[in-house]
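Structural characterization, general
Below, each chain spelled out in residue letters.
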Amino acid sequence: MAENSPIQFEEQIHPLLLSNLNITGNSEALTISAPENTYNFTGDSAAVLFKTAHLFTAIRSVQAIADMTGVDSKKLLAVVKYLIAEGIVLDTTAAIKDWSDSSAFVDAILAESAFWRKHLGVQPFWKKMMAGQLSQSVIFGWGIEMTHYVDAANEYMAMGVANCRDSIKVREKLSSQYSEEANHAELFLHGLINSGFDRDALLTAPPLATTRALINFLNEVAMDGTMCYSAVFTLMQADVRFKNANDLIASHEKLVELYPFAKAMLAGMHKHAMIDVALDHRKTLFEEFYRDSGYISRREAESVVNVIRSLAKYFILFFEGIEAYYDREDKQLPRRAICVSEYIN
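Residues numbered from 1 in each chain as written. Predicted model: local features only at pLDDT ≥ 70, side-chain atom pairs only at ≥ 80, totals over all residues. Heavy atoms only, no water.

Describing the overall build of the chain
On a plain count of helices and strands, the chain comes out with 18 helices and 5 strands. Counting only C-alpha atoms, the chain reaches 75 × 50 × 50 Å along its principal axes. By residue count, 46% of the 345 residues in the chain fall in the buried class. Summarising the internal contacts of the chain: among those between residues at least 6 apart in sequence, 74% fall at separations of at least 24. For the chain, the exposed surface amounts to about 17,000 Å²; the carbon and sulfur share of it is 52%. Charge centroids of the chain, computed over 32 positive and 43 negative side chains, lie 1 Å from each other. (Helix = DSSP H or I, 4+ residues; strand = E, 2+ residues; numbered from the N terminus. Buried < 20%, exposed > 50% of the residue type's maximum accessible area, 1.4 Å probe, protein only. Contact = heavy atoms within 4.5 Å. Areas by Shrake-Rupley, 256 points an atom, 1.4 Å probe, with all protein chains shown as cover. Lys, Arg positive; Asp, Glu negative; His and termini not counted. Charge placed at Lys NZ, Arg CZ, Asp CG, Glu CD.)

And the structure:
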């Protein structure tokens, strides 16, 4: 085999398996239960996965995993490539590998963002929510923190426009995107008010530190330039969980059934999501700006990848923070505004 052949290059893929999957079976028959599908493996595929799946942590390459476990690298590569195509394994090297080809790079970022959306969807917070296991205070706390997050569009989106150093056409598109999102927090706010919360108390309630950290991160990215800023929406807006309005309605109805006390709040959230579906936010400005842009530098590619992965981590902290605070016995709902004068003698 020639040095640096395509197969050898593919064997340098560093696979990352989607978290919180249920893997059962043995070397003869193995099953992976994922959020959207169940995958059954027998024969060589089952034997390979039984020995290697726990090593899909992005730390080692396919070749290194094969060497460590004694499996055939070509058989392992075939299984890994199949799982990558199914979206439950991420090729963590793809975006950097394809950085010089703008179209391939955009495709790699879209695949990466789709993987991290699934990763977020299998976090404990969402599993508990869809199982009806979250308390009333956590559900309303989720609504309050989501209101802070959605209203933060008036921070980071405004910064994204102001710090755009590209053409007038690009700035106009960023401005149009911002204008679409500027008032959406009102839908969340009205939902909470209709659930019995005081408007002034909601407006003065400080966000949780984890919510503020997410917003601050988005502010920093927005100030760093259009490429990374537009890339965050491949994770935040290109949501494939709801392919059409019917899927969205079914999800809304399930949440109302599980949490009837929050019907008014959920109605506001549902209205916002329906607006996003109508705006077709599954296609982002990142694709429009960079698919046919030609050359992208390695530094730019690495920056975009780091932003997407960091954003996923901030979202995990965001949801963990909601449950950690609002499930406490001493929580405030909504949180009381800080009054400095109370601490002055």
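Notes on the pairing of strand β4 (residues 38–42)
Only one face of β4 is buried, namely the one carrying Tyr39 and Phe41, since none of Thr38, Asn40 and Thr42 on the opposite face is buried. Where strand β3 (residues 29–33) and β4 come together, 5 bridges link them in antiparallel fashion. Counted as the bridge partner of isoleucine 32 is tyrosine 39 from β4. (Pairing = 2+ DSSP bridges.)

What to know about the layout of surface pockets
Looking at the second largest pocket, its volume works out to about 370 Å³. In terms of lining, the second largest pocket is formed by 22 residues, of which the most central are Ile84, Ala85, Gly87, Val89 and Ala111. Of all the elements in the fold, those that place two or more residues in the lining of the second largest pocket are α4 (73–86), β5 (89–91), α5 (94–97) and α6 (102–121). Broken down by element, the lining of the second largest pocket gets its largest block of residues, 6 residues, from α6. (1 Å grid on protein atoms, 1.4 Å probe; cavity = no way out; pocket = protein on both sides within 12 Å on 5 of 7 lines; lining within 4 Å. Points joined across faces, edges and corners; volume = space filled by probe spheres on them.)

Brief notes about the pattern of salt bridges
Here the structure, examined in full by the defined rule, presents 9 salt bridges. For lysine 75, the salt bridge goes to aspartate 44, with nearest N and O atoms at 3.2 Å. In this pair, lysine 75 sits in helix α4 while aspartate 44 sits in helix α2 (residues 43–52), placing the two residues 31 residues apart along the sequence. By relative accessible area, aspartate 44 is classed as partly exposed at 46%. One salt bridge connects arginine 212 with glutamate 155, and the closest N-O pair in it is separated by 2.7 Å. In this pair, arginine 212 is assigned in helix α13 (residues 209–222) and glutamate 155 in helix α9 (residues 153–162), connecting sequence segments 57 residues apart. (Salt bridge = Lys/Arg side-chain N within 4 Å of Asp/Glu carboxyl O.)

Re the sheet that holds β4
A sheet is described by the order of its strands in space; here 3 strands give the open sequence β2-β3-β4, paired in antiparallel fashion. At either end of the open sheet lies a strand with only one pairing partner, and these are β2 (22–25) and β4. Here the average twist between neighbouring strands, direction ignored, is 15 degrees. (Axes fitted to C-alpha atoms, helices over the stretch in contact; angles between N-to-C directions.)

Some details on the nonpolar core
Inside soluble globular proteins, nonpolar side chains tend to come together where they are buried. Ranked by internal contacts, the top residues of the largest apolar core, which has 107 residues, are Trp142, Tyr156 and Phe315. In terms of residue count, the dominant contributor to this core is helix α18 (residues 298–326) (14 residues). Ignoring sequence-local partners within four residues, the contact set of tryptophan 142 consists of Phe125, Trp126, Met129, Met265, Leu266, Met269, Phe319 and Ile322. (Core = buried A, V, L, I, M, F, W, Y, C linked by side-chain atoms within 4.5 Å.)

Digging into the packing of aromatic side chains
Tallying each qualifying case throughout the model produces 22 aromatic pairs. Clustering of aromatic rings is evident, with ring pairs tying together Phe125, Trp126, Trp142, Tyr149, Phe315, Phe318 and Phe319. (Phe/Tyr/Trp six-rings, centres within 6.5 Å; stacked < 30°, edge-to-face > 60°.)

Comments concerning the environment of valine 277
Tracing the sequence through the fold places valine 277 in helix α16 (residues 263–279). Separated by 254 residues in the primary sequence, valine 277 and isoleucine 23 place their C-alpha atoms 34 Å from one another.

Here we look at the pairing of β3
Burial of β3 is one-sided: the residues Leu30 and Ile32 facing one way are buried, the residues Ala29, Thr31 and Ser33 facing the other way are not. As defined by bridge partners, β2 adjoins β3 across 4 bridges and the pair is classed as antiparallel. In the strand pairing of β3, glycine 25 is matched with leucine 30. Taken together, β2 and the strand that follows it, β3, pair antiparallel across an intervening segment of 3 residues. Where β3 hands over to β4, the hairpin turn is made up of 4 residues, counted between the paired strands.

Here's the deal with helix α14 (residues 226–236)
With 11 of 11 residues buried, α14 lies mostly within the body of the structure. Among the residues making up α14, those that are buried are Thr226, Met227, Cys228, Tyr229, Ser230, Ala231, Val232, Phe233, Thr234, Leu235 and Met236.

Re the packing of α9 against α13
Where α9 meets α13, the axes come as close as 8 Å, and the angle between the chain directions of the two elements is 5 degrees. As summarised for this structure, α9 and α13 are arranged roughly parallel, according to the angle between their axes. Each of Glu155, Tyr156, Met159 and Gly160 in α9 lies in contact with α13, whose residues at this interface are Arg212, Ile215, Leu218, Asn219 and Ala222. Among the residues making up the contact of α9 with α13, the classes are represented as 5 nonpolar, 2 polar and 2 charged. (Parallel < 35°, antiparallel > 145°, perpendicular 65-115°, else oblique. Nonpolar A, V, L, I, M, F, W, Y, C, P; charged D, E, K, R; others polar.)

Remember that the coordinates give geometry; whether it matters functionally is a separate question.
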